[in-house]
Structure formats: C-alpha cells, structure tokens
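Residue-level listing of the chains:
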Amino acid sequence: MTALEKATGDVVLKFEPFVLHVLCRELQDAQLLHSAAVNSGFKNSGITVSRGGKIMMAVRSTHCLEVPLTHKGKLMVSEEYIEFVVQVANRKMEEN
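Residues numbered from 1 in each chain as written. Predicted model: local features only at pLDDT ≥ 70, side-chain atom pairs only at ≥ 80, totals over all residues. Heavy atoms only, no water.

**Q** When you look at the packing of aromatic side chains in this model, what are you seeing that I'm missing?
**A** Two numbers describe a pair of aromatic rings. These are the distance of the centres and the angle of the planes. On inspection of all chains with the given rule, the structure shows two aromatic pairs. Each ring, one from Phe-18 and one from Phe-42, has its centre 5.7 Å from the other, and the planes form 50 degrees; the classification is tilted. Here Phe-42 lies in the loop between helix 2 (27-39) and strand 3 (46-49) and Phe-18 lies in the loop between strand 1 (11-15) and strand 2 (19-24), a separation of 24 residues in the sequence. On the accessibility criterion, Phe-18 (32% relative accessible area) is partly exposed. Measuring from centroid to centroid gives 6.1 Å for Tyr-81 and Phe-84, while their planes differ by 40 degrees, and the two rings are tilted. Taken as a pair, Tyr-81 and Phe-84 lie in helix 3 (residues 79-95) at a separation of three residues, close to a single helical turn. You can call Tyr-81 partly exposed: its relative accessible area is 34%. (Phe/Tyr/Trp six-rings, centres within 6.5 Å; stacked < 30°, edge-to-face > 60°. Helix = DSSP H or I, 4+ residues; strand = E, 2+ residues; numbered from the N terminus. Buried < 20%, exposed > 50% of the residue type's maximum accessible area, 1.4 Å probe, protein only.)

Put into structure tokens, the structure is as follows:
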C-alpha cells in the first residue's frame, strides 16, 4: 500500500502463467507432448512449425490476471480489493 500511495503513474497487478517451449525433432513428438499438456490442464498449449521446419511445442497455462490499481497516481480500488486480488494471484501461482 505504501508503494501504491507513492505512485505517480499507472500501476497494474499482473500475473503471467507458466510457459514452456520445447523444440521437437518430429511432429509426432510435438503432438504427443501437446496431448499430455492439454490433458494435464494446460489448455492454451499449441504447436507451431516455422518456414524452416522447426517444430515448437508451447505448454501454456490459462492462469493469467491483469488488474489496474492506480491511474495517474490515483488509487482506483480499495485496500480490501487489493488484498483480494493478491489472494487470487497467489492461488493462480499455486495452480500454475
């Protein structure tokens, strides 16, 4: 709260989810990893193939959070709300 009171610009609480990029030798390997990732709850995972033929499998979680707290130095939410979103972010970190 002390840091927020001293803020002069915009402050955003941001939590970004786990991301793992795996370079695969074969498309079948990427498909197998993709299936395992999605079945494990990493619903935002995907496979990309570059023009050069590199096969990249990205394991991504959907656990993201982005909440503005101040605007031009003015606190836009209550301390109670900040405590709440911090708890939400901490839960997302545990799930991540």
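Still more to cover.
**Q** Honestly, a negative patch on the surface in this entry has me stumped. Any pointers?
**A** Taken together, the side chains of Glu-5, Glu-79, Glu-80 and Glu-83 define an acidic patch exposed on the protein surface. The element contributing the most residues to the negative patch is helix 3, with three residues. (Patch = residues over 30% accessible without salt bridge, like charges linked within 9 Å, V, L, I, M, F, W, Y side chains within 5 Å. Areas by Shrake-Rupley, 256 points an atom, 1.4 Å probe, with all protein chains shown as cover. Salt bridge = Lys/Arg side-chain N within 4 Å of Asp/Glu carboxyl O. Lys, Arg positive; Asp, Glu negative; His and termini not counted. Charge placed at Lys NZ, Arg CZ, Asp CG, Glu CD.)

**Q** Can you help me understand the UniProt feature "domain: tRNA wybutosine-synthesizing protein" (unreviewed entry) in the protein in this one?
**A** Taken from the UniProt record, the annotation "domain: tRNA wybutosine-synthesizing protein" (unreviewed entry) applies to residues 7-96. Measuring from the first to the last C-alpha atom of residues 7-96 gives 29 Å, for a span that is 33% helix and 33% strand. (UniProt positions renumbered as here; feature names shortened; annotations may be inferred.)

**Q** Teacher, can you tell me more about the side chain of Thr-70 here?
**A** The residue Thr-70 is located in strand 5 (residues 65-71) in this model. A polar contact of 3.0 Å, which involves the side chain of Thr-70, links it to the backbone oxygen of Gly-9. A distance of 2.9 Å separates a polar side-chain atom of Thr-70 from the backbone nitrogen of Val-11. If near-sequence neighbours (up to four positions away) are discounted, Thr-70 is found in contact with Leu-4, Ala-7, Gly-9, Asp-10, Val-11, Leu-75 and Met-76. (Polar contact = N/O pair within 3.5 Å; in protein donor to acceptor, adjacent residues only side chain to side chain. Contact = heavy atoms within 4.5 Å.)

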